[in-house]
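Read off the chains here:
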Amino acid sequence: MKLGIIMEGGASRTLFSCGVADCFLEEGLMPDYFAGVSAGIAYGVSYLSGQKGRNRKLTELYMADKRYMGVKYLLDRNMKSFYNIPFVFGEIPNRLLPFDYEAFTSYPGEVEAVVTNLHTGRAEYLPVPRDDKDFSVIVASCSLPILFQPVKIGKRYYLDGGVADSVPFRRAFEKGCDKVIVILTRPRDYIKKQEKSFGLAKKLYRDYPAFIKSLKNRPQSYNRCLRDLYQAEREGRIFVLAPEDTLGVGRTESSPQKLIALYEEGYYQAKESMHALRLYLQK
């Protein structure tokens, strides 16, 4: 059996997935293939390196820190990003709350980050380097339109993977997985609508018509993807975990109390689902 795990993005809402992942570590559940989108890959690598509790500790210590994120960084002409990238992807993992690169390198499975090609508007699935202390591929996957600058990798520019493929469960099957666990960051009844910022995005990315088309079609693509996902779940091909409630946590929520509550919802839901999950894996 080849097991794949998919983590949807959702910025701060991905604390639900962090709770699920820590439960998986307790249960000794590790995939052969892992794909994460945006914050799903940013938090997911701590799971793959076996660092139980690291994402929770990061939330408690730094999410409300003024060095973490804010409009001032977006307006800074040298940064132009809502998140303070040198702090979040540099100082924290390399000094303040060390990321275990050696353990991540030892993880025997395959790890991919979903990104959206700014020129084609299509999803690409990039291998995550095991020793990149700048986390460039992960930053590209997390680079939300408007809130981040495009990230250059090789000769191409990329933005948030969720634009083109928010829940890449099909990719897991393409990679040969027999069983797939999908961790969502929205309740099952969520229906995506066009974001209010689309008008601004059209102006900012007017030189990239294919990317604008993907942004415009994202609600329909996302909702169709979820319908297909739930159909695959009913057929017994996929196991889905999703929050019953996001507890008022938005994309840029920084309150440790709210975020830890969502983390605990993920942890306990995974615990309660473990028997059913084991049965699914044994079929």
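Everything discussed here concerns the structure shown above.
A short tour of the structure in this document, coming up. (Residues numbered from 1 in each chain as written. Predicted model: local features only at pLDDT ≥ 70, side-chain atom pairs only at ≥ 80, totals over all residues. Heavy atoms only, no water.)

Some thoughts on the nonpolar core
- Core analysis: the largest hydrophobic core is formed by 66 residues, its most contacted members being Phe24, Phe34, Tyr47, Tyr68, Ile181 and Leu277.
- Per-element tally for this core: the top contributor is helix α11 (residues 256–282), with nine residues.
- The contact partners of Ile181, leaving out residues within four places of it in the chain, are Leu3, Gly4, Ile5, Ile6, Phe24, Leu29, Phe239 and Leu277.
- Core analysis: the next-biggest nonpolar cluster, separate from the first, contains 19 residues, Ile6, Cys177, Val182 and Tyr222 among them. (Core = buried A, V, L, I, M, F, W, Y, C linked by side-chain atoms within 4.5 Å. Buried < 20%, exposed > 50% of the residue type's maximum accessible area, 1.4 Å probe, protein only. Helix = DSSP H or I, 4+ residues; strand = E, 2+ residues; numbered from the N terminus. Contact = heavy atoms within 4.5 Å.)

Comments concerning the packing of helix α3 (residues 54–62) against helix α5 (residues 85–96)
- Running from N to C, α3 and α5 cross one another at 110°; their axes reach a closest spacing of 13 Å. Judged by the inter-axis angle, α3 sits roughly perpendicular to α5. Along this stretch, α3 crosses α5, giving a crossing that reads as right-handed. Each of Arg54, Leu58 and Tyr62 in α3 lies in contact with α5, whose residues at this interface are Phe87, Ile92, Pro93 and Leu96.
- Considered class by class, the residues forming the contact of α3 with α5 number six nonpolar, no polar and one charged. (Axes fitted to C-alpha atoms, helices over the stretch in contact; angles between N-to-C directions. Parallel < 35°, antiparallel > 145°, perpendicular 65-115°, else oblique. Left-handed = near helix turned anticlockwise from the far one by under 90°. Nonpolar A, V, L, I, M, F, W, Y, C, P; charged D, E, K, R; others polar.)

Quick look at helix α1 (residues 15–26)
- Here α1 is 12 residues long and its end C-alpha atoms lie 17 Å apart, about the 16 Å a rise of 1.5 Å per residue gives.
- Taken across its 12 residues, α1 has 11 buried, putting it largely inside the fold.
- Taken as a whole, α1 has its buried residues at Leu15, Phe16, Ser17, Cys18, Gly19, Val20, Ala21, Asp22, Cys23, Phe24 and Leu25.
- Against β1 (3–7), α2 (39–48), α3, β7 (179–183), β8 (238–241) and α11 lie the buried residues of α1.
- Just beyond α1, the residue with positive phi is Gly28, at close to 70°. (Expected span 1.5 Å × (residues − 1).)

Remarks on the layout of surface pockets
- Roughly 310 Å³ of internal volume is contained in the largest pocket.
- Along the walls of the largest pocket sit 21 residues, with Arg13, Lys192, Glu195, Arg218 and Arg251 positioned nearest its centre.
- Grouping the amino acids of the lining of the largest pocket by side-chain chemistry returns six nonpolar, six polar and nine charged.
- In this structure, the second largest pocket spans a volume of roughly 240 Å³.
- In terms of lining, the second largest pocket is formed by 16 residues, of which the most central are Pro145, Glu195, Ser197, Leu215 and Arg251.
- Within the residue set of the lining of the second largest pocket, elements represented by two or more residues are α9 (198–204) and α10 (209–234).
- Grouping the amino acids of the lining of the second largest pocket by side-chain chemistry returns nine nonpolar, two polar and five charged. (1 Å grid on protein atoms, 1.4 Å probe; cavity = no way out; pocket = protein on both sides within 12 Å on 5 of 7 lines; lining within 4 Å. Points joined across faces, edges and corners; volume = space filled by probe spheres on them.)

Concerning the pattern of salt bridges
- Under the counting rule described, the total for this entry stands at 16 salt bridges.
- Residue Glu60 is joined to Arg56 by a salt bridge in which the shortest nitrogen-to-oxygen separation is 3.2 Å. With Glu60 and Arg56 both in helix α3 and four residues apart, the pair spans about one turn of that helix.
- On the basis of relative accessible area, Glu60 is assigned to the partly exposed category, the value being 40%.
- On the accessibility criterion, Arg56 (25% relative accessible area) is partly exposed.
- Across the pair Arg171 and Glu174 runs a salt bridge, and its minimum N-O distance is 3.6 Å. Placement of both Arg171 and Glu174 in helix α8 (residues 169–174) is noted, with a separation of three residues, approximately one turn of the helix.
- The exposure class of Glu174 is exposed, given its relative accessible area of 58%.
- Linked by salt bridges that have partners in common, Glu26, Glu27, Lys52, Lys271 and Arg278 make up one network. (Salt bridge = Lys/Arg side-chain N within 4 Å of Asp/Glu carboxyl O.)

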